[in-house]
Amino acid sequence: MNHKPTNTSELRKRRHARVRATIKGTGARPRLAVFRSNRFVSAQLIDDTAGKTIAAAHGREFKGPQSVQAKSIGEAIAKAAKAKGITTIVFDRGGYRYGGQVKTLADAARAGGLAF
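My aim in this report is to walk through the structure given alongside it, one point at a time. (Residues numbered from 1 in each chain as written. Predicted model: local features only at pLDDT ≥ 70, side-chain atom pairs only at ≥ 80, totals over all residues. Heavy atoms only, no water.)

Topic: the pairing of strand 1 (residues 31-36)
Turning to step 1, where the next piece is worked out: Across six bridges, the pairing between strand 1 and strand 2 (residues 41-47) is antiparallel. Residue Arg36 lies in a different strand from strand 2, and its bridge partner there is Val41.
Turning to step 2, where the next piece is worked out: In this structure, the hairpin formed by strand 1 and strand 2 is closed by a connection of four residues.
Turning to step 3, where the next piece is worked out: Pairing analysis gives three bridges linking strand 1 to strand 4 (residues 90-92), with the strands arranged parallel. Note on strand 4: the bridge partner recorded for Ala33 is Asp92. (Pairing = 2+ DSSP bridges. Helix = DSSP H or I, 4+ residues; strand = E, 2+ residues; numbered from the N terminus.)

Details of the packing of helix 2 (residues 66-83) against helix 3 (residues 101-111)
A pair of packed helices is characterised by two quantities: the angle between their axes and the separation of those axes.
Turning to step 1, where the next piece is worked out: Across the interface, helix 2 lies against helix 3 with an axial gap of 7 Å and an inter-helix angle of 30°. The angle between helix 2 and helix 3 places the two elements in the roughly parallel class. The crossing of helix 2 and helix 3 is right-handed. Residue-level inspection shows Gln66, Ser67, Ala70, Lys71, Ile73, Gly74, Glu75 and Ala78 of helix 2 in contact with helix 3, the latter providing Gln101, Thr104, Leu105, Ala108 and Ala109.
Turning to step 2, where the next piece is worked out: The residue makeup of the contact of helix 2 with helix 3, split by class, is six nonpolar, five polar and two charged. (Axes fitted to C-alpha atoms, helices over the stretch in contact; angles between N-to-C directions. Parallel < 35°, antiparallel > 145°, perpendicular 65-115°, else oblique. Left-handed = near helix turned anticlockwise from the far one by under 90°. Contact = heavy atoms within 4.5 Å. Nonpolar A, V, L, I, M, F, W, Y, C, P; charged D, E, K, R; others polar.)

Quick notes on a positive patch on the surface
Turning to step 1, where the next piece is worked out: Together, Arg14, Arg15, Arg18 and Arg97 give the surface a local cluster of positive charge.
Turning to step 2, where the next piece is worked out: For Arg14, the location among the structural elements is in helix 1 (residues 8-20).
Turning to step 3, where the next piece is worked out: The exposure class assigned to Arg14 is partly exposed, which follows from its relative accessible area of 44%. (Patch = residues over 30% accessible without salt bridge, like charges linked within 9 Å, V, L, I, M, F, W, Y side chains within 5 Å. Areas by Shrake-Rupley, 256 points an atom, 1.4 Å probe, with all protein chains shown as cover. Salt bridge = Lys/Arg side-chain N within 4 Å of Asp/Glu carboxyl O. Lys, Arg positive; Asp, Glu negative; His and termini not counted. Charge placed at Lys NZ, Arg CZ, Asp CG, Glu CD. Buried < 20%, exposed > 50% of the residue type's maximum accessible area, 1.4 Å probe, protein only.)

Some words on the nonpolar core
Proteins that are soluble and globular tend to have nonpolar side chains buried together.
Turning to step 1, where the next piece is worked out: Within the largest apolar cluster, 21 residues are counted, with the highest numbers of intra-cluster contacts made by Leu32, Leu45, Ile73, Ile77, Phe91, Leu105 and Leu114.
Turning to step 2, where the next piece is worked out: Those elements giving two or more residues to this core turn out to be strand 1, strand 2, strand 3 (52-58), helix 2 and helix 3.
Turning to step 3, where the next piece is worked out: At five residues, helix 2 tops the list of elements feeding residues into this core.
Turning to step 4, where the next piece is worked out: Other than its neighbours up to four places away in sequence, Leu45 contacts Pro30, Arg31, Leu32, Lys52, Thr53, Ile54, Ala55, Ile77, Ala81 and Ile89. (Core = buried A, V, L, I, M, F, W, Y, C linked by side-chain atoms within 4.5 Å.)

The following block contains the structure:
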C-alpha cells in the first residue's frame, strides 16, 4: 500500500527530498540549508561533496521574534562565508515556502554579499 502523507512535517520532508535530488553543495559553492522550528530559525553552509558543515548560525544566539532571528542569521552566515572566502552559494529552502522567515534570511544573506 502507498502511504499518503497527512501532516505538514511529512509533506515538507517530501518537498525537501525533491529539492535535494537536484541541489548539491560543493566546496566552492556550498549549500545554504534553512531549518525552521516553532521557536527558532537556523541555517548552515554545507559542502555536500566532503560531507562537512562550513558555517552555521542558530536562532538561540539572537534575541527577538523569528523574523528578527532570520535577519540576524542571514547576516551572520554571510559574514562567516566571507571570512572563509565564499561569495556564491546554492540556496536550499528546506521544503518551506519562500516567504516570511525564509525570504528574510535569504535577503539578509544577499545584503551581506552572498550571491545566489
